[in-house]
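The residues making up each chain are set out below.
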Amino acid sequence: MISSTICGIAARRARPHFLRHVPVGRNRKISHSIVLQCPTNTVTLSHTRDDSALLEMEKVKPGHAVISTFDLFSIGVGPSSSHTVGPMRAGKIFLADLQELQMLDKVKTVKIVLYGSLAATGKGHHTPQAVLLGLEGSDPETIDTGTISSRYEAILANRTLHLGGIRRITFDMDRDMLWRWDQVLKTHPNGMRFSCFGEEGELLATNEYYSVGGGFVVNEKTKIDENLFYKGVDKSMVHGARLHQTHNTIEGDQTPAQPAVDDPGHPPYPFESGNSLLALTRKHNLTIAQIVHDNERYFGLSEADINDKLMRIWAVMDDCIRSGVSTAEKTLPGRLGLRRRAPMLYKRLMRGFYPGIATPDLQLIDSASTPSVAAIDAPESDTQFSSFADGSDGRGASASRNITHAPWVTGSFDHAILPMPPRKTMIPAVDFLSCYAIAVNEVNASGGRIVTSPTNGAAGVIPAVLKYVIEFISDDPEKSIKTFLLTAAAVGMLFKRGSTISAAEGGCQAEVGVACAMASAGFAACMGASPETVLQAAEIGIEHNLGLTCDPIDGLVQVPCIERNSLGAVKAVTAAQLSMASTGVYRVTLDEAIEAMRLTAADMSVKYKETSLSGLATTVKIPLTVPAC
């Protein structure tokens, strides 16, 4: 095993990944010692609601929370942001530095070691595929998801790896990829080490990476001012304002039209906590979405850029829902043999919004202005009798069938308490939210195109709630999309700074819990709630997810992950509604809830942090006796 003492090297391309070539810390914008005095993983304990106190707090920022919305929401591939997207990005970063140092043609073999949670659940999370395809030059946002399986199988079968699509080397999975689930590197549970060797077996270069959640990748020596705050492989392509964030500045009042490429400054409205964010909204008479929008301008984006990027994110989310409800595939990959439910759930809702997705013989309702389009028929098992004597189904079409048998009733009729007859009801909000969330996470579980929001394992919550807002509430969809995503991003930034968005650090509370809080805030903002009420919605959303564990069965992002997203979406709307119904009536602030989550994560056993070592992962037998559970 290669000694870790030779692995401390800079994390991006201008400071390549090889200690032997570039000294650690050269041209660093912020010192390690300064950040240790003001750590980024703490949150203020002062939570007074007095405006003067809030304004005073924003003057001292030991480490603000602001990152780009488009680093928090990024397009990637399933099933996991920390175990799939992050490792693929790490592989490509390692490759990029080999190319920059002109060492690629000297590489004979590559060794990869996965540690901790990456090793424990990596196979079910497609970590090997991600790492190897990253080394071949693929990127999570642009990779053709339909080719992942075939390319990975070809690597295994041929025992060759095509580095960057340029150099072919021998790669034996059993020999060249090691799984150290029993060892955790000190920086983060999701650790990995890349090493490459020359013709004579000499070590050419090595580095350790940590996938810290949401697709972010850091290196031990640059974890403070590098990829912790942005995503990217080619450093020259990252805007200077994102690249050189110090996260140790005070608020400015003006939004620059176009910051200098090498500007190491700070966004106009940096915030470190919910309290300081509220202070900014009051001082400048801005909504949370407007605060985040103006910060994005500082990152070098025009109004049109921000609009296009937000619409692109939503388009991928919406397409993910469409794909999930329209797929012809019956089961998800993996030993569980889990049956897909989104198509069935969508058909049962009786009204659809994607033209052409319907039962074989009937179309969907498109809009009130298209009377020629009929509604989806109910599933056969739900149609027990015709409501009309003429055989019509009440929608202008003849009933295709009449089920004459009586429903099966469980229970004795010779009893003082008579059994209840079977019946069904619809709660539209719950049904649609559940369907949308399940659709997204089934696509994610199958390795499809996904938006990390803020992670892949929790990627169904935010799209489901936003889809519900657009379809059932909003009269201006584009405005709602921008308001929702920007507001949700602000809350996600607070969690990333004050606690974690990594299940390997905090369990599922760090994924579905955070997504629920973000969606709650976005929903409340779209309903016109005040910033204080918006943050209270987020607090309710996370408070009732505290302690949520991550114990995926067989290491797959399927059970309980898919259903948990469904419940997270429903809970998000409930939290927002509750906050709006009780404005100003609360005792727990969002900052206090984030700190509680951080403490809960620290106290949580490693068995419940994406390792599949306890909980459902050990009590459920494989294969499942009821695959549709």
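Residues numbered from 1 in each chain as written. Predicted model: local features only at pLDDT ≥ 70, side-chain atom pairs only at ≥ 80, totals over all residues. Heavy atoms only, no water.

(A) Quick look at the overall build of the chain. The helix and strand inventory of the chain stands at 22 helices and nine strands. When contacts within the chain are restricted to residue pairs at least 6 apart in sequence, long-range pairs at least 24 apart make up 73% of them. (Helix = DSSP H or I, 4+ residues; strand = E, 2+ residues; numbered from the N terminus. Contact = heavy atoms within 4.5 Å.)

(B) Highlighting the environment of Arg167. Topologically, Arg167 is positioned in strand E4 (residues 167–170). Taking the C-alpha atoms as reference points, Arg167 and Lys106, separated by 61 residues in sequence, lie 9.4 Å from one another. With residues near it in sequence (within four places) discarded, Arg167 still touches Leu104, Asp105, Lys106, Val107, Leu161, His162 and Glu199. Here Asp105 takes part through its backbone oxygen, which lies 3.3 Å from a polar atom of the side chain of Arg167. (Polar contact = N/O pair within 3.5 Å; in protein donor to acceptor, adjacent residues only side chain to side chain.)

(C) Just the sheet that holds strand E2 (residues 109–115), in detail. Here we have five strands laid out as an open sheet, ordered E5-E2-E6-E7-E8, and mixed in their pairing. The open sheet has two free edges, formed respectively by strand E5 (177–180) and strand E8 (216–218), since each of these has just one partner strand. Direction aside, the axes of adjacent strands within the sheet are offset by 25 degrees on average. Bridge analysis of strand E6 (residues 191–197) against strand E7 (residues 203–213) gives seven bridges, and the strand direction is antiparallel. (Pairing = 2+ DSSP bridges. Axes fitted to C-alpha atoms, helices over the stretch in contact; angles between N-to-C directions.)

(D) Representation of unusual backbone geometry within the structure. In this structure, Pro454 follows Ser453 across a cis peptide bond, with omega equal to -5 degrees. With respect to the helices and strands, the residue Pro454 is situated in the loop between strand E9 (449–452) and helix H15 (461–472). Between Val559 and Pro560 the backbone carries a cis peptide bond, its omega angle lying at 5 degrees. When you line up the elements, Pro560 lands in the loop between helix H19 (531–543) and helix H20 (561–581). Even without glycine at this site, His126 takes up a positive phi of about 65 degrees. By the secondary structure assignment, His126 is in the loop between helix H5 (116–121) and helix H6 (127–135). Of note in this structure, Ser612 is not a glycine but carries a positive phi near 60 degrees. Within the secondary structure layout, Ser612 lies in the loop between helix H21 (590–603) and helix H22 (616–619). According to the relative accessible area criterion, Ser612 is buried, its value standing at 16%. (Buried < 20%, exposed > 50% of the residue type's maximum accessible area, 1.4 Å probe, protein only.)

(E) Here's a closer look at the environment of Lys123. Turning to its location among the elements, Lys123 is positioned in the loop between H5 and H6. Distance from Lys123 to His83, taken between C-alpha atoms, is 9.2 Å for residues 40 residues apart in sequence. Each residue touching Lys123, except ones within four places of it in the same chain, is listed here: Pro128 and Trp179.

(F) Local environment of the side chain of Ser80. Position of Ser80 relative to the elements: it lies in the loop between strand E1 (74–77) and helix H4 (81–100). A distance of 3.0 Å separates the side chain of Ser80 from the backbone nitrogen of His83, its partner in a polar contact. Apart from the residues lying within four places of it in its own chain, the contact partners of Ser80 are Val85, His125, Asn444, Asn456 and Glu610.

(G) The arrangement of the packing of helix H16 (residues 477–498) against H21 in detail. Two numbers describe how H16 lies on H21: the axes approach to 9 Å, and their chain directions differ by 45 degrees. In terms of orientation, H16 and H21 fall into the oblique class. Judged by the sense of rotation from one axis to the other, the crossing of H16 with H21 is right-handed. Taking contact as the criterion, the partners of Leu494, Phe495 and Gly498 in H16 are, on H21, Leu590, Ile594, Met597 and Arg598. Its residues assigned to classes, the contact of H16 with H21 shows five nonpolar, one polar and one charged. (Parallel < 35°, antiparallel > 145°, perpendicular 65-115°, else oblique. Left-handed = near helix turned anticlockwise from the far one by under 90°. Nonpolar A, V, L, I, M, F, W, Y, C, P; charged D, E, K, R; others polar.)

(H) A look at the environment of Val85. Tracing the sequence through the fold places Val85 in helix H4. Every residue in contact with Val85, bar those within four places of it in the chain, is listed here: Gly76, Val77, Ser80, Pro140, Gly215 and Asn456.

(I) Here's a closer look at the nonpolar core. Ranked by size, the top nonpolar core spans 110 residues in total, and within it Phe73, Phe271, Val465, Leu485 and Phe495 carry the most contacts. Formed by 37 residues, the second largest nonpolar core is a distinct cluster that contains Leu98, Leu118, Ala130 and Leu163. (Core = buried A, V, L, I, M, F, W, Y, C linked by side-chain atoms within 4.5 Å.)

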